[in-house]
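# What the coordinates show
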Amino acid sequence: MSESQEFNAPQEEYRTTQERVYYQVRDAILRGKFLPGHAITIRGLAADLDCSPMPVREALRRLTSERALELSDTRRVTVPTMTPEKLAEICAARVALECQAAEQALPRVGPEQLEQLRKLDERVTRALADKDIEEYVTANLEFHFTLYRLGDPHIILSLIESLWLQTAPLQHLVFQRFGVQELPDRHQDLIDAIASGEPDRVRTAIRQDIEEGLGSISAEELL
C-alpha cells in the first residue's frame, strides 16, 4: 500500500500513537486494503500513517501474532496466502464461534437493535445490487460485529476478529476478480430468526452465511 488515503481516519481518540496505528492497519486488513502476498514495509507504513517506525513495528508484531500477517525467514512481513485446508479450518472455527456469539446476543436484541440490523442489511443489499465492493465489505463487517457486540463478548469477539483478519484479504481479492453480485445474502434469514427469538434458526442462518460465503472460494483462487 502506498497511498495514505487507503487508511481510514480514526473514528475516535486513541490513547497512544501505537494504539492508533495498530487499529488503522488492522482496519485496513479487514476492509481488504491489503491482498494476499502483499509485502509490507515499516518505512512505507510509517510514511503513509505519518508516524515514526516504532509504532508501526509494534503494530505489525501484534498483527503477526494474530496471524493477520506473517513474518518470513528473511524478516519480510507479508499478507498470508491461503490453502484449502487452512480455509476449511477457519470456516469451521468461524461457524462455532459466531453461532455462539449470535446466540449470546439474542436476548439483548430489542426493537431498536433489530431496526439497526435491518438498516445495515439494506446497505449490504444495495451494495450487492450496485456491485460496490468497498461498501459491501464495510456494511457486511458492520452488520456482523454490531450483532456480536450486543452479547457483550470478550474472548469470543477477539477470536472472531482474528479469523476475519485471516480471510479478509483473500475474500477481497476474489471480489475484485469476480465482483460481489453473485454472493449469497443470508442476513434476512438471520434477521427473521432473531425477530422470532429462535436460537436454532439463528445458528442455522449464521452457519449458512459463513459456509456459503467462504465456500464460494474455489481451490484455484487460493493459488
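Structural data are supplied above this passage.
Residues numbered from 1 in each chain as written. Predicted model: local features only at pLDDT ≥ 70, side-chain atom pairs only at ≥ 80, totals over all residues. Heavy atoms only, no water.

From N to C terminus, the protein includes nine helices and three strands. The 223 residues of the protein split such that 46% are buried. Counted over contacts in the protein with a minimum sequence separation of 6, partners at least 24 positions apart contribute 72%. Just so you have it, the protein exposes about 11700 Å², and 47% of that area is on carbon and sulfur atoms. (Helix = DSSP H or I, 4+ residues; strand = E, 2+ residues; numbered from the N terminus. Buried < 20%, exposed > 50% of the residue type's maximum accessible area, 1.4 Å probe, protein only. Contact = heavy atoms within 4.5 Å. Areas by Shrake-Rupley, 256 points an atom, 1.4 Å probe, with all protein chains shown as cover.)

Helix length check: helix 4 (residues 84-105), at 22 residues, gives a terminal C-alpha distance of 31 Å against a target of 32 Å (1.5 Å per residue), a fit within 8%. Elements in contact with the buried residues of helix 4: helix 6 (133-149), helix 7 (155-178) and helix 9 (199-215). (Expected span 1.5 Å × (residues − 1).)

Further remarks concern the nonpolar core. With 58 residues, the main nonpolar core has Leu147, Tyr148 and Ile194 as its most contacted residues. At nine residues, the largest contribution of residues to this core is made by helix 4. Counting 10 residues, the second-largest nonpolar core is a separate cluster that includes Ala127, Leu128, Tyr136 and Leu183. (Core = buried A, V, L, I, M, F, W, Y, C linked by side-chain atoms within 4.5 Å.)

Take the packing of helix 8 (residues 187-196) against helix 9 next. It is at 8 Å that the axes of helix 8 and helix 9 come closest, and there the two elements cross at 165°. By the angle between their axes, helix 8 is roughly antiparallel relative to helix 9. Every pair of crossing elements has a handedness; the one defined by helix 8 and helix 9 is left-handed. Facing helix 8, whose interface residues are His187, Asp189, Leu190, Asp192, Ala193, Ile194 and Ser196, helix 9 presents Arg201, Val202, Ala205, Ile206 and Asp209. When grouped by side-chain class, the residues that make up the contact of helix 8 with helix 9 number six nonpolar, two polar and four charged. (Axes fitted to C-alpha atoms, helices over the stretch in contact; angles between N-to-C directions. Parallel < 35°, antiparallel > 145°, perpendicular 65-115°, else oblique. Left-handed = near helix turned anticlockwise from the far one by under 90°. Nonpolar A, V, L, I, M, F, W, Y, C, P; charged D, E, K, R; others polar.)

A complete count under the given rule lists four aromatic pairs for this structure. Between Tyr136 and Phe175 the ring centres are 5.6 Å apart and the planes differ by 85°, which places this aromatic pair in the edge-to-face class. Here Tyr136 is found in helix 6, whereas its partner Phe175 is found in helix 7, with 39 residues between them in sequence. With relative accessibility at 9%, the residue Phe175 sits in the buried group. For the ring pair Phe145 and Tyr148, a centre distance of 5.9 Å and an interplane angle of 75° mean the geometry is edge-to-face. (Phe/Tyr/Trp six-rings, centres within 6.5 Å; stacked < 30°, edge-to-face > 60°.)

With phi around 70°, Arg67 is a residue other than glycine that occupies positive phi space. Counting through the fold element by element, Arg67 comes out in the loop between helix 3 (53-65) and strand 2 (70-71). At Asp152, a position not held by glycine, the phi torsion is positive, near 50°. Here Asp152 lies in the loop between helix 6 and helix 7.

Just distances and angles here, no functional claims.
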